[in-house]
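Working through the structure, step by step
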Amino acid sequence: MRKIILPLFCLFCLSATVPYPTRIKDLPSKTALEILQKAYPNEIKEIVYDYKWKDWAMIAETYSGDSVRLFWKEGKLLTEEQIPESHKYRSQFYGYPKKMKDPADMDDRYIAELKTHTSKEARKNGAVSSPVFFDTLYDARSQESIEKRLTRVSFLGRRMTVHEKIAEPLARVEKSIYRKRIWNADVRVFLHDLASCDCYHWREIRDSNSRSFHSYAVAVDVLPEGWGNKIVYWNWERNRNPDWMLVPISKRWCPPQAVIDSFEAEGFIWGGKWAIWDNMHFEYRPELFLFTEAVR
Ligand SMILES: [Zn+2]
């Protein structure tokens, strides 16, 4: 029997994949800012030496042409006002793994850490992502402002509302997937079974929360009909299974590797590689590939 397709947005997409914490802090500020500039060359106007801060700073341009100055502090990208409270914020980067984390490789300590990280308490009191950089990039300081930047596209035969800045890379992802279906049977099955593709979903954020990349309209959820009779998302599984992280990879629905490759080639990470796995989720984060390459 067909399963009902539940609310399609993984609204609290968390990434617990932080395999290089010390290296993030040790990353020279200029290198970190250059990674971001390479990933977002049109938005980051320049990287300058700030004599007051006595370090390098980034100047990003807003949609209205204003400049926002951001500083690098211990792996975080912050405004001058945020610096005194830098402990409240999460690192700007995390390593993007080559492979999924296999539950067979998890020890008790790792499992306990994951449970703590995903507890209600940690979600309420833990560090948050500073929204300033991405708000500037995508004109997302309010629902009204970002909705002027959205566009309707066709993607894998579905209509989606996406940020105008990802329309082109997404079109290239589609072209690549369509090309592969000619010779790849898994891709043909994926396209045949595809039930939905969803992107934009605005959500206000509170202090204790981080903005989902669906709010920026740069994350795409792809779901197969009946979820391929498998499990798709850690947070849905957690409702009935506290050991959700131990669900074997074979029981999780995964897009074909060829599809993941097509997304990754255009700067989209796949949520299936997060320790807090979200296998329907792709997100435009070209800087994470560049960071991972830089620290490897
Ligand atoms: Zn998602």
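Our subject is the structure listed above.
Report on the accompanying structure. (Residues numbered from 1 in each chain as written. Predicted model: local features only at pLDDT ≥ 70, side-chain atom pairs only at ≥ 80, totals over all residues.)

Quick word on the overall build of the chain
- A tally of helices and strands in the chain yields eleven helices and ten strands.
- On the principal axes, the C-alpha backbone points of the chain span a range of 65 × 45 × 35 Å.
- The buried share of the chain, reckoned over its 296 residues, is 33%.
- Of the contacts formed within the chain by residues at least 6 apart in sequence, a portion of 61% connects residues at least 24 apart. (Helix = DSSP H or I, 4+ residues; strand = E, 2+ residues; numbered from the N terminus. Buried ≥ 20, exposed ≤ 12 C-beta atoms within 10 Å, placed from the backbone. Contact = placed C-beta atoms within 7 Å.)

Regarding the packing of helix α7 (residues 167–181) against helix α8 (residues 185–193)
- Packing of α7 against α8 leaves a shortest axis separation of 7 Å and a crossing angle of 120°. It follows from the interaxial angle that α7 and α8 lie oblique. Along its contact with α7, which presents Ile-177, Lys-180 and Arg-181, the element α8 presents Val-187, Arg-188 and Leu-191.
- Per-class residue counts for the contact of α7 with α8 are three nonpolar, no polar and three charged. (Axes fitted to C-alpha atoms, helices over the stretch in contact; angles between N-to-C directions. Parallel < 35°, antiparallel > 145°, perpendicular 65-115°, else oblique. Nonpolar A, V, L, I, M, F, W, Y, C, P; charged D, E, K, R; others polar.)

Things to note about α7
- Between its first and last C-alpha atoms α7 spans 21 Å; for 15 residues at 1.5 Å apiece the expected length is 21 Å, and the two agree.
- Among all positions in α7, only Leu-170, Val-173 and Ile-177 are buried. Along the long axis of α7, the arc covered by the buried residues comes to 55°, so they all point the same way. Facing away from the buried side of α7 by more than 90 degrees, the exposed set consists of Glu-168 and Lys-175.
- Tucked inside the fold, the buried residues of α7 contact β5 (150–155), β6 (158–163), α8, α10 (257–265) and β9 (268–270). (Expected span 1.5 Å × (residues − 1). Arc of directions from axis to C-beta.)

Quick look at the nonpolar core
- Grouped together as the largest cluster of nonpolar side chains are 63 residues, with contacts concentrated most on Leu-70, Val-162, Cys-199, Ala-217 and Val-218.
- Beyond its immediate sequence surroundings of up to four residues, Ala-217 is in contact with Ile-146, Leu-150, Thr-161, Val-162, His-163, Cys-199 and Tyr-200. (Core = buried A, V, L, I, M, F, W, Y, C linked by C-beta atoms within 7 Å.)

Considering the environment of Glu-61
- For Glu-61, the position within the fold is in strand β2 (residues 55–61).
- With 19 residues separating them along the chain, Glu-61 and Asn-42 place their C-alpha atoms 8.6 Å apart.
- Those residues in contact with Glu-61 that lie beyond four places of it in its chain are Glu-43, Lys-45 and Ser-67.

Some words on helix α2 (residues 29–39)
- Residues of α2 that are buried include every one of Ser-29, Ala-32, Leu-33, Ile-35 and Leu-36, and no others. Down the axis of α2, the smallest arc covering the buried residues is 150°, so these residues share one side.

Observations regarding the pairing of strand β1 (residues 44–50)
- Pairing of β1 with β2 involves six bridges; the strand directions are antiparallel. Bridged to Ile-44 within β2 is Ala-60.
- Linkage of β1 to β2, two consecutive antiparallel strands, is achieved through a turn of four residues, within which Lys-54 is found at a positive phi near 60°. (Pairing = 2+ DSSP bridges.)

Re the sheet that holds β1
- One open sheet holds the four strands; their spatial order is β1-β2-β3-β4, and the pairing between them is antiparallel. The open sheet has two edge strands, β1 and β4 (76–78), and neither has a second partner. Strand-to-strand twist across the sheet, computed as the mean angle between neighbouring axes with direction ignored, equals 30°.
- Judged from the five bridges that link them, β2 and strand β3 (residues 67–73) form a sheet pairing that is antiparallel. When the sheet's bridge partners are listed, Ile-59 is paired in β3 with Arg-69.

Examining the sheet that holds strand β10 (residues 281–284)
- If you walk across this open sheet you meet the four strands as β7-β8-β10-β9, and the pairing is antiparallel. In this open sheet, the two edge strands, each paired with only one partner strand, are β7 (194–198) and β9. Between one strand axis and the next, the sheet turns by 20° as a mean value, whatever way the strands run.
- Bridge analysis of β7 against strand β8 (residues 219–224) gives four bridges, and the strand direction is antiparallel. Each bridged residue has a counterpart across the sheet, and for Asp-198 the counterpart in β8 is Asp-221.
- Running at roughly 145° to β9, α10 makes contact with β9 and β10 of the sheet.

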